[in-house]
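These are the residues of each chain, in order.
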Amino acid sequence: MPLTPRTSSPLSRRTLLRALGGGAVLGGLAGCGVPAAYVAAGDRAVADRSATDKRLTWANWPLYIDTDDDSTRRPTLDAFRKRTGIAVDYVEEINDNDEFFGRISPALMNHQQTGRDLVVMSDWMCGRFVRLGWVQEMDRANQPNVTEHLDPLLRSPAFDPGRAYTVPWQSGITGIAYNRRKLGREIRQVKDLWASDLKGRVTLLSGLDEAFALLMQGNGVDITRWTARDFDEVCDQVERNVRDGGIRRFTGNDYTKDLVTGDVLACQAYSGDVIQLQADNPDIRFVVPEEGAELWSDSLMIPDRAPHKTNAERLVDHYYAPEVAAELAAWVNYVCPVPAARDVLAASKDPDTAALAENPLIFPDARMRGRLAIARDITSTERVEYAKRWNVIVGL
């Protein structure tokens, strides 16, 4: 079927994130009232019913998959059902990482099934699942497309070397968005946020996991191996700018409203959101700062004791076929984890669709890729201390 880009949307997936700042579960499991409960590799699987029971249940975030014009069908998912005969119960039930973690953690810690064969969570939360042993290793024999087409930048994050337990669903960049016309100049570096002509017209993301990496990069830190000292330096810097009135406020995804109205001239932002905003206002720009920006992912995982593991692995692999990845990318407008999808979009006879292949916020070019990095995650021990300090600063 023809690829039809989504040029605008009243609501993006990340617009639904609540500004919990990753601190609702301050000490990992302890903050949820759940004791640490590591599950050894040999205790994670149950008998796989995939061969005789052609179905699976997939939990995802709202508005994070392609739909047809009236939103009653999901073309790429329907194609999987038609090709494999596997029925998919697709549930849009994840609105916050911590909240969903709290919902399914009692089952996982007690060696029970969660009722889901596949889930999508942000990589910093995926790291928590991997450390606890709450996800099953995927069998790459069932995933030739993943093996061949997964973006090299995403292949081996610190929390899951080699991506044995997780596979990126979609990726994005945390950078800086600004209104070029109203500001009257370019923004090139993170430190530009602290300029005098932006005083009181800047917002930062309130979530610890969402905000800290870009700010560290602005200080010249290699975020793949940042330290406690680097974190303290960022906090000191943000505190100074709060006292001086440089920061207007801390936001969830409501930064988009401030940027559109002009109440804010520059802000921390997600690349996928800005693509959608630019459809209505080309004066809004997104920049990967000269010092670099954070590349993040929301990733697919198979929870412990999922009864349809092979079916889930086949579904993951379906979305790594370049033609399928291209169709999804044309709708969601995040960074596509399948670089080969670019050629599929470029070959489209529809000029708007073909133009997506040249958008560096969907397919980062070589220059941009050289400035992107995946931050090492915050360990459960660090999180207690770091979230406490960060949440005081942002008023959570």
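Refer to the structure above for everything that follows.
Model, not experiment: these values are computed from the prediction. Starting from 1, residues in each chain are numbered consecutively following that chain's sequence as written. The model is predicted, so local features are restricted to residues of pLDDT at least 70 and side-chain atom pairs to those at 80 or more, both for listing and for counting; the totals for chains, interfaces and linings are taken over all residues. Calculated side-chain values reflect all of the structure's heavy atoms, with hydrogen atoms and water omitted.

Let's talk about empty space enclosed by the protein
Leftover empty space is mapped by rolling, across the atoms, a probe with the size of a water molecule.
Next, step 1: Put simply, the grid is 1 Å and covers the protein atoms alone, a cavity is a trapped set of points that fit a 1.4 Å probe, a pocket is an open set with protein on both sides within 12 Å along at least five of seven lines, and lining residues have an atom within 4 Å of a point. Grid points are joined across faces, edges and corners, and a volume is the space filled by probe spheres set on the points. Summed over the entire model, instances satisfying the criterion amount to 4 cavities of 30 Å³ or more.
Next, step 2: What the largest cavity holds in volume is close to 260 Å³.
Next, step 3: Looking at the largest cavity, it is lined by 20 residues, and the ones nearest its centre are D123, W124, D209, E294 and W296.
Next, step 4: Each helix corresponds to a stretch of at least 4 residues labelled H or I by DSSP, and each strand to a stretch of at least 2 residues labelled E; elements are numbered beginning at the N terminus. Listing elements by their share of the lining of the largest cavity, those giving two or more residues are α3 (123-132), α6 (208-218) and β9 (293-301).
Next, step 5: Looking at the lining of the largest cavity residue by residue, the class counts come to 9 nonpolar, 3 polar and 8 charged. When residues are sorted by character, Ala, Val, Leu, Ile, Met, Phe, Trp, Tyr, Cys and Pro go into the nonpolar class, Asp, Glu, Lys and Arg into the charged class, and all the rest, Gly among them, into the polar class.

A word on unusual backbone geometry
Next, step 1: Although it is not a glycine, H111 adopts a positive phi angle of roughly 60°.
Next, step 2: With respect to the element layout, H111 can be found in the loop between α2 (97-109) and β3 (118-122).
Next, step 3: For each residue, the accessible area found with a 1.4 Å probe, counting protein chains only, is set against the maximum for its type, and the residue is called buried under 20%, exposed over 50%, and partly exposed in between. Of the residues examined, H111 reaches a relative accessible area of 37% and is grouped as partly exposed.
Next, step 4: One non-glycine residue with positive phi stands out, namely R163, at about 55°.
Next, step 5: Along the chain, R163 falls in the loop between α4 (144-149) and β4 (167-179).

Concerning the state of the cysteines
What we call a disulfide is simply a covalent bond connecting the sulfur atoms of a pair of cysteines.
Next, step 1: Any pair of cysteine sulfurs within 2.5 Å is marked as a disulfide. Throughout the structure, instances matching the rule amount to 0 disulfides.
Next, step 2: Counting only cysteine sulfurs, C126 is the nearest neighbor of C336, a cysteine outside any disulfide, at a range of 18 Å.
Next, step 3: Classification of C336 by relative accessible area gives buried; the value is 3%.

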